[in-house]
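Breakdown of the fold
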Amino acid sequence: AQKVTQAQTEISVVEKEDVTLDCVYETRDTTYYLFWYKQPPSGELVFLIRRNSFDEQNEISGRYSWNFQKSTSSFNFTITASQVVDSAVYFCALSEAGLGKLIFGQGTTLQVKP
Amino acid sequence: KAGVTQTPRYLIKTRGQQVTLSCSPISGHRSVSWYQQTPGQGLQFLFEYFSETQRNKGNFPGRFSGRQFSNSRSEMNVSTLELGDSALYLCASSWDGPGGGYNEQFFGPGTRLTVL
């Protein structure tokens, strides 16, 4: 069965701290896709990144970086030098090839204090 | 390019009524998915449509239904509303082709449904 676990329910940091959001997934498929979304207080889910199961290369985009490790079924997300505007709920999600549905984790609420 | 739009943004209904929510995908997107978000259950997949056909369905009762039109616009309907149906209903569209599941989904702002 497919499952996504985000063990951290809430994280609170002070501005400029680095923070890592954990994501562990379960799937029997060899072809799958992983995603991160951000949901700010306004409520709209914002797409951040997509990674397919054949590409374990880590990615950096500005202050954001992602670490994908198939050996541990993890797809962690790090924000460097956090800012107040990063405060939001972050969701990790999984989809399997051929199935147009996202399986979401429970989300991690990140609060960045000034 | 315009994003995913959903109407109405807010809705208040009473138990037993039915409701129809509307979603217009990003131009060119043919796959439309619906999700329900509640504090207790989180984000749960309702169904996905591609080329006017329901391609995937989540574990929701038959009171939840949907359809897609030839212009890819989609509607979802909930009949005989229950208190537990109060939620944020999110629509998403993607570039996915016949296979599905490959591309990122872009979400609309959602419809906040309150059932009294």
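Residues numbered from 1 in each chain as written. Chains lettered and ligands numbered in written order. Predicted model: local features only at pLDDT ≥ 70, side-chain atom pairs only at ≥ 80, totals over all residues. Heavy atoms only, no water.

As for the state of the cysteines
All names here are of chain A. How we decide: Note on terminology: pairs of cysteine sulfur atoms within 2.5 Å are recorded as disulfides. By the criteria applied, helices consist of DSSP H or I runs no shorter than four residues and strands consist of E runs no shorter than two, each listed in order from the N terminus. Exposed residues in this analysis have more than 50% of their type's maximum accessible area, buried residues have under 20%, and partly exposed residues fall in between, with area computed by a 1.4 Å probe over protein chains only.
For the structure on display, the rule yields two disulfides over all chains. Here Cys23 engages in a disulfide with Cys92; their sulfurs sit 2.0 Å apart. Looking down the S-S bond of the Cys23 and Cys92 bridge, the torsion is -65 degrees, so its handedness is left-handed. Residue Cys23 is found in the loop between β3 (19-21) and β4 (24-26), and its partner Cys92 is found in strand β10 (residues 88-96); the two are separated by 69 residues along the sequence. The same class applies to Cys23 as to Cys92, namely buried.

Brief notes about the interface of chain A and chain B
Often, the extent of an interface is quoted as the loss of accessible area upon association of its parts. Stated precisely, the cut-off is as follows: Residues are treated as being in contact if the distance between any of their heavy atoms lies within 4.5 Å. Buried area: the accessible surface (1.4 Å probe) lost by two parts on joining, summed over both. We define a salt bridge as a side-chain nitrogen of Lys or Arg found within 4 Å of a carboxyl oxygen belonging to Asp or Glu. Side-chain atoms alone can form a polar contact between residues adjacent in sequence; in general such a contact is a pair of N or O atoms within 3.5 Å, and within protein one must be able to donate a hydrogen while the other accepts it. The classification used treats Ala, Val, Leu, Ile, Met, Phe, Trp, Tyr, Cys and Pro as nonpolar, Asp, Glu, Lys and Arg as charged, and all other residues, Gly among them, as polar.
Facing the 20 residues of chain A at the interface are 23 residues of chain B. Summing the contributions of chain A and of chain B, the shared interface buries around 1800 Å²; its carbon and sulfur component is 53%. At the surface where chain A touches chain B, the tally comes to one salt bridge. Glu104 of chain B is paired through a salt bridge with Arg50 of chain A; the nearest N and O atoms lie 3.7 Å apart. Our count for the chain A to chain B interface comes out at three residue pairs in polar contact (both at pLDDT 80 or more). Looking at the side of chain A that touches chain B, the elements with two or more residues in it are β5 (32-39), β6 (46-52) and β10 of chain A. With four residues, the single largest contributor to the side of chain A that touches chain B is β5 of chain A. Of the residues in the side of chain A that touches chain B, the class split is ten nonpolar, six polar and four charged.

Structural notes on the environment of Lys38 of chain A
All names here are of chain A. With respect to the helices, strands and loops of the structure, Lys38 is situated in strand β5. Lys38 sits 54 residues away from Cys92 along the chain, and the two C-alpha atoms are 8.9 Å apart. Residue contacts for Lys38: discarding those within four places in its chain leaves Glu44, Leu45, Val46, Leu48, Tyr64, Val85, Asp86, Ala88, Val89 and Tyr90. A polar atom in the side chain of Lys38 sits 3.2 Å from the backbone oxygen of Val85.

Examining the nonpolar core
Residue and element names in this part refer to chain A. Applicable threshold: Among the buried residues, those of types Ala, Val, Leu, Ile, Met, Phe, Trp, Tyr and Cys that are joined through side-chain atoms within 4.5 Å form a nonpolar core.
Trp36, Phe75, Phe77, Tyr90 and Leu110 are the most contacted members of the largest nonpolar core, which totals 24 residues. Within the residue set of this core, elements represented by two or more residues are β2 (10-14), β3, β5, β8 (64-69), β9 (74-79), β10 and β12 (108-113). Tallying contributions element by element places β10 first for this core, with four residues. Setting aside residues up to four positions removed in sequence, Tyr90 forms contacts with Gln6, Leu21, Trp36, Tyr37, Lys38, Leu48, Tyr64, Phe77, Ile79, Gly107, Thr108 and Leu110.

Structural notes on the side chain of Gln37 of chain B
Tracing the sequence through the fold places Gln37 of chain B in strand β4 (residues 31-38). Gln37 of chain B gets classed as buried once you look at its relative accessible area, which sits at 13%. Here Gln37 of chain B is in contact with Gln39 and Phe91 of chain A together with Gly42, Leu43, Ala87, Leu88 and Leu90 of chain B, once residues within four sequence places are set aside.

Section: the pairing of strand β9 (residues 87-94) of chain B
Residues and elements named next belong to chain B. Here is the rule we go by: Strands are treated as partners if at least two bridges between them are detected by DSSP.
The buried fraction of β9 amounts to eight of the eight residues, a majority that puts the element mostly inside the structure. Of the two faces of β9, the one carrying Ala87, Tyr89, Cys91 and Ser93 and the one carrying Leu88, Leu90, Ala92 and Ser94 are both buried. Taken together, the three bridges between β9 and strand β11 (residues 111-115) define a ladder with antiparallel strand orientation. Residue pairing for β11: Leu88 is matched across the bridge by Arg112. Across two bridges, β9 lies against strand β10 (residues 106-107) in antiparallel orientation. From the neighbouring strand, Ser93 faces β10, where its bridge partner is Phe106.

Quick word on the pattern of salt bridges
Residue and element names in this part refer to chain A. In this structure the tally under the stated criterion is nine salt bridges over all chains. Here Arg63 makes a salt bridge to Asp86, at a shortest N to O gap of 2.8 Å. Of the two residues, Arg63 sits in the loop between β7 (59-61) and β8 while Asp86 sits in the loop between β9 and β10, which places them 23 residues apart along the sequence. For Arg63, a relative accessible area of 25% corresponds to the partly exposed category. Of the residues examined, Asp86 reaches a relative accessible area of 1% and is grouped as buried. Several salt bridges converge on common partners, so that one network encompasses Arg51, Asp55 and Glu59.

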